[in-house]
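# What the coordinates show
Chain residues, written in single-letter form:
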Amino acid sequence: LVAVPDPSGKAPEGDTGKGDDGSYKSKAAACGACKWAATGSCAMYKTCICYATNAFFGVAGVAKASDSNYWYWSCGNEGGSKYETCFPSVDA
């Protein structure tokens, strides 16, 4: 049997974790959560390329929002051009 690897980094919690709305407060926090999840799973470790996006979109005619950071992570950029890579790729 192969042991499940320990996640890299720290679990996203507290000020760097998800807010009450379920989003992360920054791109770095979302990318850190992706890295933590992906490195703690054998399947995700080999297949996950971390991307993050800010799901805040301004609306015309609405007062300026007090919070414009609604970051989410994904293991791919299938969501479209608003997803940005978290970490530079390393060619082996």
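Residues numbered from 1 in each chain as written. Predicted model: local features only at pLDDT ≥ 70, side-chain atom pairs only at ≥ 80, totals over all residues. Heavy atoms only, no water.

Our focus in this paragraph is the state of the cysteines. By the definition in use, this model includes three disulfides. Each sulfur of the disulfide joining Cys 34 and Cys 50 lies 2.1 Å from the other. One quick way to see it: the torsion about the S-S bond of Cys 34 and Cys 50 is about -90°, and its sign makes the bridge left-handed. Taken together, the residues span a long stretch of sequence, with Cys 34 in helix α1 (residues 27-39) and Cys 50 in the loop between α2 (42-47) and β1 (51-54) at a distance of 16 residues. Shown here is the disulfide that connects Cys 48 with Cys 75, its sulfur atoms set 2.1 Å apart. What sets the handedness of the Cys 48 and Cys 75 disulfide is the S-S torsion sign, and at about -90° it is left-handed. With a gap of 27 residues between them, Cys 48 in the loop between α2 and β1 and Cys 75 in the loop between β2 (71-74) and β3 (84-85) connect regions that are remote in the sequence. (Disulfide = S-S within 2.5 Å. Helix = DSSP H or I, 4+ residues; strand = E, 2+ residues; numbered from the N terminus.)

You can see Thr 47 is positioned in helix α2. Take Thr 47: its relative accessible area is 60%, and that puts it in the exposed class. Here the alpha-carbon distance between Thr 47 and Cys 75, two residues 28 residues apart in the chain, equals 7.9 Å. Only 2.9 Å separates the side chain of Thr 47 from the backbone oxygen of Ala 43, close enough to count as a polar contact. (Buried < 20%, exposed > 50% of the residue type's maximum accessible area, 1.4 Å probe, protein only. Polar contact = N/O pair within 3.5 Å; in protein donor to acceptor, adjacent residues only side chain to side chain.)

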